[in-house]
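Working through the structure, step by step
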Amino acid sequence: MDLQQRLTAEIAARRDDLVALTQDLIRIPTLNPPGENYREICDYLDRRLLRAGFHTELIRARGAVGDSDKHPRWNIVARREGQGAGECVHFNSHIDVVEVGHGWTVDPFGGEVKEGRVYGRGACDMKGGLAASIVAAEAFIAVCPDYSGAIEISGTADEESGGFGGVAYLAGRGYFTPERVQHVIIPEPLNKDRICLGHRGVWWAEIETKGEIAHGSMPFLGDCAVRHMGAVLREMEDSLFPALAQKRTDMPVVPEGARQSTLNINSIHGGEAEQDADYTGLPSPCVPDRCRMVIDRRFLIEEDIADVQAEIREVLETVRRGRPGFDYDIRELHRVLPTMTEKDAPVVGAVARAVRQVFGREADYVVSPGTYDQKHIDRIGRLKNCIAYGPGILDLAHKPDEYVGIDDMIQSAQVMALALLELLLPEGRA
Ligand SMILES: [Zn+2]
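Just so we're clear, the structure is a prediction, and the values are computed from it rather than from any experiment.

Each helix and strand counted, the chain has 10 helices and 16 strands in total. Here the chain has a C-alpha radius of gyration of 25 Å; the compact-globule value for 430 residues is 22 Å, and the two agree. Viewed in the frame of its principal axes, the chain has a C-alpha envelope of about 85 × 45 × 40 Å. For the chain, restricting intrachain contacts to residue pairs at least 6 apart in sequence, the fraction spanning at least 24 positions comes to 81%.

Okay, here's the thing in structure tokens:
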């Protein structure tokens, strides 16, 4: 048997261990928000990776958004040096999961196994990917103990809420500089035969229209901010949405519907605040003097963020020109620039060749409609050689009865291990 065959066989033989590891991770409920049990899961990973010969660091993102003594943002970074000088391959997984929601038929934190799948919140997004990367690294170390360079595995907080107490914090402290790490694989659930090169950009903003409060029986004495917002919506329907649909991208975004600019209206609030459900009184009659809308604009690598902002201002200015008394404010809430790793980047090539070897067909190249922690590695860490690759079906993320397929995890772990073989033991390739 050559090294590649030994490696894939070694991973297949670790099937039970991979399943048990995934179950253990699911059984630590790391709900975010508020960010529970981060320390517990880091301690668990610490014990596991120490046994595999890693040097580990537990790092609390003190002072980061979301960090508090009640809900500390713990992260783990583990590194195992090889026998000689070489490059470092880093697997980064987020340890947090989103809320459970309704509609489950299994225990969301039970890690139940049935019909070749492990079930639970976070099974595919992304504790299955984390487990696959750990087993891939452990098998690689067992089969190729004389590798050169280094392997790193990190478990990081808060990806689901922006990653500021996780990857962004670590990147700001030099953990993802090109001097320390040369290749990054993020095992997000993008499907076992697809390589995700990056993501679209995000611009969130709040638009506020202004009016004047008055008695609801005499609305002519006031100025209704909700009607002004209605005019904004009409202008968006007439000019903005059709224009966005025309902006197509060369980025291979999946699903197909996201291969263009999009805008979601996240919320609109105008007038009196809603009362609690147990309030039995009636509203009072007032003309709303404020209306606020939160927009979520997703933009393309071909678009400049300044143009994205100017386009929204143009909508508002168009309304102003046609509408006496119209006044507004606009405030940026959040921004992420689009990112896309080049197809000829070394980590892309290594994973693509490994996919071909395991599946006997070419990998698909995709771009994610939404962002993930690659944004921080790219912008703060300055590291371009980064992809997302991992087991699990993206559509199952955040849904009830989330699961990850066991065969998918095995095959993804084989791809990851073969990529390690190419990047850390080049002479070991057949
Ligand atoms: Zn995720």
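And the narrative resumes.
Here, UniProt's "domain: Peptidase M20 dimerisation" (unreviewed entry) annotation points to residues 198-318. A helix fraction of 30% and a strand fraction of 26% characterise residues 198-318, whose end C-alpha atoms lie 34 Å from each other.

Let us now look at the environment of Pro72. Inspection of the secondary structure puts Pro72 in the loop between strand 1 (55-60) and strand 2 (74-81). According to the C-beta neighbour criterion, Pro72 is partly exposed, with 17 such atoms within 10 Å. Along the sequence, Pro72 and Tyr38 sit 34 residues apart, while their C-alpha atoms lie 7.4 Å from each other.

Turning our attention to the domain arrangement of the chain. Each domain of the chain was delimited in the assignment, giving domain 1 (3-199 + 338-428) and domain 2 (201-336). Inter-centroid distance (C-alpha atoms) of domain 1 to domain 2 is 37 Å. Taken together, the contact pairs 8 residues of domain 1 with 12 residues of domain 2. For the side of domain 1 that touches domain 2, the leading source of residues is strand 14 (residues 364-368), giving 3 residues.

Time to look at the sheet that holds strand 4 (residues 113-114). An order of 4-5-16 is seen for the 3 strands of this open sheet, with the pairing classed as antiparallel. Looking at strand neighbours, the two that pair on one side only are strand 4 and strand 16 (403-405), the edges of this open sheet. In terms of strand pairing, strand 4 meets strand 5 (residues 117-119) through 2 bridges, oriented antiparallel. Paired with Val113 across the strands is Val118, a residue of strand 5. In the packing of helix 2 (residues 15-26) onto the sheet, contacts are made with strand 4, strand 5 and strand 16, and the angle to strand 5 comes to roughly 15°. Its contacts with the sheet place helix 10 (residues 406-424) against strand 5 and strand 16, and it is angled at close to 60° to strand 16.

Attention now goes to the sheet that holds strand 11 (residues 290-299). Spatial ordering of the open sheet is given by 10-11-9-12, a layout of 4 strands whose pairing is antiparallel. Strands at the two margins of the open sheet, each flanked by one partner only, are strand 10 (262-270) and strand 12 (328-336). On average, each strand axis in the sheet is inclined to that of its neighbour by 15°, with strand direction left out of account. As defined by bridge partners, strand 9 (residues 201-210) adjoins strand 12 across 8 bridges and the pair is classed as antiparallel. Pairing of Trp203 across the sheet is with Arg335, part of strand 12. Sitting on the sheet, helix 6 (residues 225-246) touches strand 9, strand 10 and strand 11, and the angle it makes with strand 10 is about 175°. Set on the sheet, helix 7 (residues 305-322) makes contact with strand 9, strand 11 and strand 12; between it and strand 9 the angle comes to about 25°.

Glancing now at helix 2. For helix 2, built from 12 residues, the straight-helix expectation of 16 Å at 1.5 Å per residue is met to within 8% by its first-to-last C-alpha distance of 17 Å. Where helix 2 is buried, its residues meet helix 3 (38-51), strand 4, strand 5, helix 4 (123-143), strand 16 and helix 10.

Next up on the list: the packing of helix 1 (residues 3-13) against helix 4. Packed helices, taken two at a time, are described by the angle between their axes plus the distance between the axes. The N-to-C vectors of helix 1 and helix 4 enclose an angle of 130°; their axes lie 9 Å apart at closest approach. When the interaxial angle is binned, helix 1 and helix 4 end up oblique. Pair helix 1 / helix 4 crosses with right-handed handedness. Residues Leu3, Arg6, Leu7, Glu10 and Ile11 of helix 1 lie in contact with helix 4, whose contacting residues are Val135, Ala136, Ala139, Phe140, Ala142 and Val143.

This next bit is on the nonpolar core. Ala136, Val351, Ile387, Ala417 and Leu420 are the most contacted members of the largest nonpolar core, which has 104 residues in total. When residues of this core are assigned to domains, at least three fall in each of domain 1 (3-199 + 338-428) and domain 2 (201-336). Excluding its chain neighbours within four sequence positions, the residues that come into contact with Ala417 are Leu7, Ile11, Ala136, Ala139 and Phe140.

For residues other than glycine, phi is negative in most cases, and the peptide bonds are mostly trans. Here the residue pair Asn32 and Pro33 is connected by a cis peptide bond, since its omega of -10° sits within 30 degrees of zero. Take Pro33: it is sitting in the loop between helix 2 and helix 3. Residue Pro34 is reached from Pro33 by a cis peptide bond, and omega for that bond is 5°. Within the secondary structure, Pro34 is located in the loop between helix 2 and helix 3. For Arg382, which is not glycine, the phi dihedral falls at a positive 65°. Tracing the chain through its elements places Arg382 in the loop between helix 9 (374-379) and strand 15 (386-388). Using a count of 12 C-beta atoms within 10 Å as the deciding quantity, one classes Arg382 as exposed. Located in the positive-phi region is Asp401, a residue other than glycine, with phi close to 55°. Of the residues examined, Asp401 has 16 C-beta atoms within 10 Å and is grouped as partly exposed.

Rules used in this analysis
Residues numbered from 1 in each chain as written. Predicted model: local features only at pLDDT ≥ 70, side-chain atom pairs only at ≥ 80, totals over all residues. Helix = DSSP H or I, 4+ residues; strand = E, 2+ residues; numbered from the N terminus. Rg over C-alpha atoms; globule rule 2.2 N^0.38 Å. Contact = placed C-beta atoms within 7 Å. UniProt positions renumbered as here; feature names shortened; annotations may be inferred. Buried ≥ 20, exposed ≤ 12 C-beta atoms within 10 Å, placed from the backbone. Domains from an automatic or database assignment. Pairing = 2+ DSSP bridges. Axes fitted to C-alpha atoms, helices over the stretch in contact; angles between N-to-C directions. Expected span 1.5 Å × (residues − 1). Parallel < 35°, antiparallel > 145°, perpendicular 65-115°, else oblique. Left-handed = near helix turned anticlockwise from the far one by under 90°. Core = buried A, V, L, I, M, F, W, Y, C linked by C-beta atoms within 7 Å.

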